[in-house]
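Inside the fold
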Amino acid sequence: GPVKVLLVYIAATQEASKDVQRKVAQKAVMTAVVVGLLLLLAGVVFMRILHFSTEALTIAGGLILLILALSLVLSPAEKQEEGSAPDEATLLSMAIYPMGIPLLLNPVGIVALTVFSAETQSLRNLGIIAAMVIGVGIIDYGIFLISHRLDKYLTQERILVMEKVLGILLAALAVQMILNGLSSSGVFQ
């Protein structure tokens, strides 16, 4: 969901026009939903062709999430220039990475959708999960659209603090994913 990406989105689009904010939100959500649906439909094929297990996917997702979390926590604070609106092309590129993937559709979601693809037994269940992915995308887009109402409460310092705290929580989730993958593969009980 948008909790992780909201800080990046608000900070990046704070000085952008409403039209650009909407385009960035739309592109981030569309990227996450389309990739999520592709993983849901083709995840089982990827697993068979590339010969990896659910456990390996869980560990890999945890490692990627850990690297992302560490970069959030350890990266130095960047000073923003006042009054300069970000370039629209740069913002639209950021909508794909890092906003769409790996923040909106994060490694946990990628792992889950790929596993659902491999383990779903009927087209009906696959359709239900696909509808859920689309529903979450609609909710995410709505949250993006109203998020700039928080601008008056979010100073650069507050965004930085929340980013660091979020990074620590993401690191804990990443380590848990790695531990779950190792445990499921029988490395330890």
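Model, not experiment: these values are computed from the prediction.

**Topic: the overall build of the protein**
For the protein, the count of helices and strands is 7 helices and 0 strands. Shown N-terminal to C-terminal, the secondary structure of the protein runs as helices and strands in the order α-α-α-α-α-α-α. In summary, the protein has a C-alpha radius of gyration of 18 Å against a globular reference of 16 Å for 189 residues, a match within 12%. Taking the principal axes of the C-alpha coordinates as reference, the protein spans close to 55 × 35 × 25 Å. Burial statistics for the protein: of 189 residues in total, 39% are counted as buried. Of the contacts formed within the protein by residues at least 6 apart in sequence, a portion of 88% connects residues at least 24 apart. Each charge sign in the protein was given a centre, from 12 positive and 13 negative side chains, and these centres are 7 Å apart.

**Describing the packing of aromatic side chains**
Counting across every chain of the model gives 1 aromatic pair. Taking the centre distance of 4.7 Å and the plane angle of 65° together, the rings of Y9 and F144 count as edge-to-face. Taken as a pair, Y9 in helix α1 (residues 3-13) and F144 in helix α6 (residues 123-147) lie far apart in primary sequence, 135 residues in all. On the basis of relative accessible area, Y9 is assigned to the buried category, the value being 1%. For F144, a relative accessible area of 1% puts it in the buried group.

**Here we look at the environment of Y9**
For the pair Y9 and P98, spaced 89 residues apart in the sequence, the C-alpha separation amounts to 9.7 Å. Non-local contacts of Y9, meaning those with residues more than four positions away in its chain, are made with Q21, R22, V24, A25, M99, F144, S147 and H148. In terms of polar contacts, Y9 uses its side chain to reach the backbone carbonyl oxygen of Q21, at 2.9 Å.

**Observations concerning helix α4 (residues 88-104)**
The end-to-end C-alpha distance of α4, which contains 17 residues, comes to just 20 Å, noticeably less than the 24 Å that a straight helix rising 1.5 Å per residue would cover. Where α4 bends most, at M94, the angle is about 40°, and the proline P98 comes one to four residues later. Residues L91, L92, A95, M99, G100, P102, L103 and L104 constitute the buried set of α4.

**Remarks on the nonpolar core**
What tends to happen in soluble globular proteins is that the nonpolar side chains get buried as a cluster. With 45 residues, the main nonpolar core has Y9, V24, M99, L113 and F144 as its most contacted residues. Counting only elements with at least two residues in this core, the list comes to α1, α2 (18-50), α3 (54-74), α4, α5 (107-119), α6 and α7 (156-184). Here this core gets 9 residues from one element, more than from any other, and that element is α2. Every residue in contact with V24, bar those within four places of it in the chain, is listed here: Y9, T13, L91, L92, A95 and M99.

**Thoughts on the confidence of the model for the protein**
For the protein, the mean per-residue pLDDT works out to 89, and 94% of the residues sit at or above 70. No element of the protein has a lower mean pLDDT than α1, which averages 83, and none a higher one than α2, which averages 95.

**Considerations on the pattern of salt bridges**
Counted by the stated rule, this structure contains 3 salt bridges. Measuring nitrogen to oxygen at the nearest pair gives 2.5 Å for the salt bridge that ties D19 to R22. Taken together, the residues span about one helical turn, with D19 and R22 both in helix α2 at a distance of 3 residues. The class of D19 is partly exposed, set by a relative accessible area of 37%. Note on R22: relative accessible area 32%, which makes it partly exposed. Here D19 makes a salt bridge to K23, at a shortest N to O gap of 3.6 Å. In this pair, D19 and K23 are both assigned in helix α2, 4 residues apart and thus about one turn of the helix distant.

The rules behind each value
- Residues take numbers from 1 onward in each chain, read along the sequence in its written order.
- Only residues with pLDDT of at least 70 get local features here, since the model is predicted, and only at 80 or more are side-chain atom pairs given and counted; chain-wide, interface and lining totals rely on the full set of residues.
- Side-chain measures here rest on the full set of heavy atoms in the structure, leaving out hydrogens and waters.
- Here a strand is any run of E in DSSP of at least two residues, a helix any run of H or I of at least four, and the numbering for each starts at the N terminus.
- Radius of gyration means the value over C-alpha atoms here, while the globule rule gives 2.2 Å times the residue count to the 0.38 power.
- Relative accessibility decides the category of a residue: with a 1.4 Å probe and only protein chains considered, values under 20% of the type maximum give buried, values over 50% give exposed, and everything between is partly exposed.
- Contacts are assigned to residue pairs with any non-hydrogen atoms lying within 4.5 Å of each other.
- Only four residue types enter the charge count, namely Lys and Arg as positive and Asp and Glu as negative; His and the chain termini do not.
- For the purpose of locating charges, the reference atoms are NZ of Lys, CZ of Arg, CG of Asp and CD of Glu.
- For Phe, Tyr and Trp, rings pair up if their centres lie within 6.5 Å, where Trp contributes its six-membered ring, and each pair is then called stacked (planes under 30 degrees apart), edge-to-face (over 60) or tilted (otherwise).
- Any pair of nitrogen or oxygen atoms within 3.5 Å is treated as a polar contact; in protein, a donor-acceptor pairing is required on top of that, and neighbouring residues in sequence qualify only through side-chain atoms on both sides.
- Here the expected length of a helix is defined as 1.5 Å per residue gap, with one fewer gap than residues.
- The reported bend at a residue is simply the angle between two axes, fitted to the 7 residues ending at it and to the 7 residues beginning with it.
- What is meant by a nonpolar core is a set of buried Ala, Val, Leu, Ile, Met, Phe, Trp, Tyr and Cys residues, joined one to another through side-chain atoms within 4.5 Å.
- Confidence scores per residue from the predictor, reported as pLDDT, run from 0 to 100.
- Salt bridges are defined by distance alone: a side-chain nitrogen of Lys or Arg within 4 Å of a carboxyl oxygen of Asp or Glu.

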